[in-house]
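Below, each chain spelled out in residue letters.
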Amino acid sequence: MVDLKGQYHKIKDEVDNAILDVVASSAFINGPQVKSFQANLEKYLDVKHVIPCANGTDALQIAMMGLGLEQGDEVITADFTFAATVEVIGLLKLTPVLVDVEKDTFNIDIEALKKAITPKTKAIVPVHLFGQCANMEAILEIAKEHNLFVIEDTAQAIGADYTFSDGTTKKAGTIGHVGTTSFFPSKNLGCYGDGGAIFTNDDELAHILRGMVNHGMYKRYYHDVIGVNSRLDTIQAAILDIKLPHLDSYCDARRDAAKYYNEAFKSSDKIAIPKMANGCERICDDCTCHVFHQYTLRLKGVDRNALHQHLLDHGIANAIYYPVPLHKQKAYADERYIEDNFKVTNELVDTVISLPMHTEFEEEQLQNITQTVLNFIEE
Ligand SMILES: *Cc1c(COP(=O)(O)O)cnc(C)c1O
């Protein structure tokens, strides 16, 4: 699905030297590279505060702790996503409220979101799935009306731009009260292990979060609140600092691959190509609203599992993101959920398929992938 080796090879000398520098300095925890990466990411995202941490799941958990969410508070998020989002809601003894998504963008459905709000609702966690922002304009409006926090799960969309209807843009993750991301190796900005970060423009919240990632310490050995131990280690920060200047070109390479796929599939009536939302009707040359963490198709009248196997048989990686709606997972099932409210997710889990997506394609590979898909579909 990804080609991490090819990408490493192009920056090998720089990365190797940076790792050796950290080892030589032995500043493995909170070395100067962590501060440097933090500052560079703040600049890139145009956000006041980046708080690095150990992974994207911790980032979500710490964001929720920092906002003071408490047992019984309801947190609304999408049913069609990776489990990390709902996992931390559960761990903190908050009440997860899963809602359906839009069929064509895979992101949280605004009408379903509105219906799910109760007097206990305290926060919304839009997940910018597969690399494109949820409908943030509508979400901010709802949040304002009901006095809710907005926590953007930006694990899959770092680098994506969101365009408001007045034409202004903001980076994904910097639009709500707080944003979180992951630097897991296969993410768009991946390190060589685990890593994550929290973003916010709120000075007070940033201060709270900086202590929370470090055992609730605001002064050494004085613990004001219950925190966690969640750090981005220096080696990972050094690698990320080298990769960050390449992030835009990595996103461009992904968009180029997506364009190739789109061209190949757009005339098939059995395939729905990814929809560009938020005013972007198509992938234009200067459009940066989708960073294609995944390239995910919806199939119509095609045996998805058979295609999945057919591609594997032909040596083509592919994946089902995601095969089970969260509301049907053993850990998160709840009698409160009514099947009728999850029509789209229930359909997507049977009809989506994600094709290889990374920064290192040769045209030949894309040609082989698209031709193998089309051969099966047109059989
Ligand atoms: C990857 C991912 C996470 C979790 O990130 P980790 O760094 O693996 O903990 C959270 N949310 C979404 C949507 C993700 O894709």
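**Regarding the site of the ligand**
At step 1: Among the 13 residues in the neighbourhood of the ligand, the closest are listed as G56, T57, D153, S182 and K187.
At step 2: The separation between an oxygen atom of the ligand and a polar side-chain atom of T57 is 2.5 Å.
At step 3: In the environment of the ligand, an oxygen atom lies 2.8 Å from a nitrogen or oxygen atom belonging to the side chain of Q156.
At step 4: Protein contact buries 91% of the 380 Å² of open area that the ligand shows by itself.
At step 5: Comparing atom positions with the cavity grids shows the ligand to sit within the largest pocket.

**Here's the deal with the layout of surface pockets**
At step 1: Taken as a whole, the largest pocket encloses approximately 470 Å³ of empty space.
At step 2: F82, Q156, S182, F184 and K187 are, among the 26 residues lining the largest pocket, the residues nearest its centre.
At step 3: Looking at the lining of the largest pocket, the elements with two or more residues in it are α4 (56-66) and α5 (84-91).
At step 4: Of all the elements, α4 adds the most residues to the lining of the largest pocket, at 3 residues.
At step 5: Per-class residue counts for the lining of the largest pocket are 12 nonpolar, 11 polar and 3 charged.
At step 6: Per-domain counts for the lining of the largest pocket show at least three residues from each of domain 1 (4-99 + 107-245) and domain 2 (247-377).

**Focus on the environment of K114**
At step 1: Here K114 is to be found in helix α6 (residues 110-116).
At step 2: Along the backbone, K114 and A63 are 51 residues apart, and their C-alpha atoms lie at a distance of 23 Å.

**Some remarks on a nonpolar patch on the surface**
At step 1: A surface patch of nonpolar side chains, amounting to about 260 Å² of accessible area, comprises V23, F28 and I29.
At step 2: Relative to the assigned elements, F28 resides in the loop between α2 (12-25) and α3 (32-45).

**What about unusual backbone geometry?**
Glycine aside, residues mostly have negative phi angles, and peptide bonds mostly take the trans form.
At step 1: Here the bond from Y321 into Y322 is cis, since omega is 5°, no more than 30 degrees from zero.
At step 2: Within the secondary structure, Y322 sits in the loop between α11 (304-313) and α12 (343-351).
At step 3: Despite not being glycine, S26 has its phi angle at roughly 60°, a positive value.
At step 4: You can see S26 is positioned in the loop between α2 and α3.
At step 5: Located in the positive-phi region is F292, a residue other than glycine, with phi close to 45°.
At step 6: Inspection of the secondary structure puts F292 in the loop between β12 (271-272) and β13 (295-299).
At step 7: Taking the relative accessible area as the measure of exposure, F292 reaches 0% and is therefore buried.

**Looking at the side chain of T81**
At step 1: Looking at the element boundaries, T81 is found in the loop between β2 (74-78) and α5.
At step 2: By relative accessible area, T81 is classed as buried at 4%.

**Examining the sheet that holds β12**
At step 1: One open sheet accounts for 3 strands, arranged β12-β13-β14; its pairing is antiparallel. Lying at the two open borders of the sheet, with one neighbouring strand each, are β12 and β14 (352-355).
At step 2: Where β13 and β14 come together, 4 bridges link them in antiparallel fashion. Following the sheet pairing, R298 is matched in β14 by V352.

**Section: helix α9 (residues 234-243)**
Structurally, the α-helix is built with 3.6 residues per turn, so residues lying three or four positions apart point the same way.
At step 1: The element α9 is largely enclosed, with a buried count of 9 among its 10 residues.
At step 2: Within α9, burial applies to T234, Q236, A237, A238, I239, L240, D241, I242 and K243.
At step 3: Buried residues along α9 sit against α1 (4-10), α2, α3 and α10 (247-265).
At step 4: Backbone nitrogen of I235 and a side-chain oxygen of the N-cap are separated by 3.2 Å at the start of α9; the cap is D233.

**Regarding the state of the cysteines**
At step 1: Throughout the structure, instances matching the rule amount to 0 disulfides.
At step 2: Here C133 is not disulfide-linked; the sulfur of C289 is the nearest cysteine sulfur, at 8.4 Å.

**Let's talk about the domain arrangement of the protein chain**
At step 1: Domain boundaries in the protein chain define domain 1 (4-99 + 107-245) and domain 2 (247-377).
At step 2: Just the C-alpha atoms count here: the centres of domain 1 and domain 2 sit 24 Å apart.
At step 3: Each side of the interface is counted separately: domain 1 has 41 residues, and domain 2 has 32 residues.
At step 4: Both sides together, the interface formed by domain 1 and domain 2 hides about 3100 Å², and carbon and sulfur atoms give 54% of it.
At step 5: E360 is the partner of K10 in a salt bridge, and the nearest nitrogen-oxygen pair spans 2.6 Å.
At step 6: Linking domain 1 with domain 2 are 19 residue pairs in polar contact (both at pLDDT 80 or more), by the criterion used here.

**What about empty space enclosed by the protein?**
At step 1: Tallied over the entire structure, the rule returns 2 cavities of 30 Å³ or more.
At step 2: Empty space within the largest cavity amounts to approximately 80 Å³.
At step 3: Lining the largest cavity we find V2, D3, L4, Q7, P185, S186, K187, N188, K243, R254, H358 and T359.
At step 4: Residue composition of the lining of the largest cavity, grouped by class: 3 nonpolar, 5 polar and 4 charged.
At step 5: Counting the residues that make up the lining of the largest cavity, at least three belong to each of domain 1 (4-99 + 107-245) and domain 2 (247-377).
At step 6: Forming the walls of the second largest cavity are D104, T105, F106, L129, F130, Q132, P274, K275, H290, Q294 and T296.
At step 7: Here the lining of the second largest cavity is built from residues that sort into 4 nonpolar, 5 polar and 2 charged.
At step 8: Two domains each donate at least three residues to the lining of the second largest cavity, and these are domain 1 (4-99 + 107-245) and domain 2 (247-377).

Calculation criteria
- Residues numbered from 1 in each chain as written.
- Predicted model: local features only at pLDDT ≥ 70, side-chain atom pairs only at ≥ 80, totals over all residues.
- Heavy atoms only, no water.
- Near = heavy atom within 4 Å.
- Polar contact = N/O pair within 3.5 Å; in protein donor to acceptor, adjacent residues only side chain to side chain.
- Areas by Shrake-Rupley, 256 points an atom, 1.4 Å probe, with all protein chains shown as cover.
- 1 Å grid on protein atoms, 1.4 Å probe; cavity = no way out; pocket = protein on both sides within 12 Å on 5 of 7 lines; lining within 4 Å.
- Sits in = over half its atoms within 2 Å of the grid points.
- Points joined across faces, edges and corners; volume = space filled by probe spheres on them.
- Helix = DSSP H or I, 4+ residues; strand = E, 2+ residues; numbered from the N terminus.
- Nonpolar A, V, L, I, M, F, W, Y, C, P; charged D, E, K, R; others polar.
- Domains from an automatic or database assignment.
- Patch = residues over 30% accessible without salt bridge, like charges linked within 9 Å, V, L, I, M, F, W, Y side chains within 5 Å.
- Salt bridge = Lys/Arg side-chain N within 4 Å of Asp/Glu carboxyl O.
- Buried < 20%, exposed > 50% of the residue type's maximum accessible area, 1.4 Å probe, protein only.
- Pairing = 2+ DSSP bridges.
- Contact = heavy atoms within 4.5 Å.
- Disulfide = S-S within 2.5 Å.
- Buried area = accessible area lost by both parts, 1.4 Å probe.

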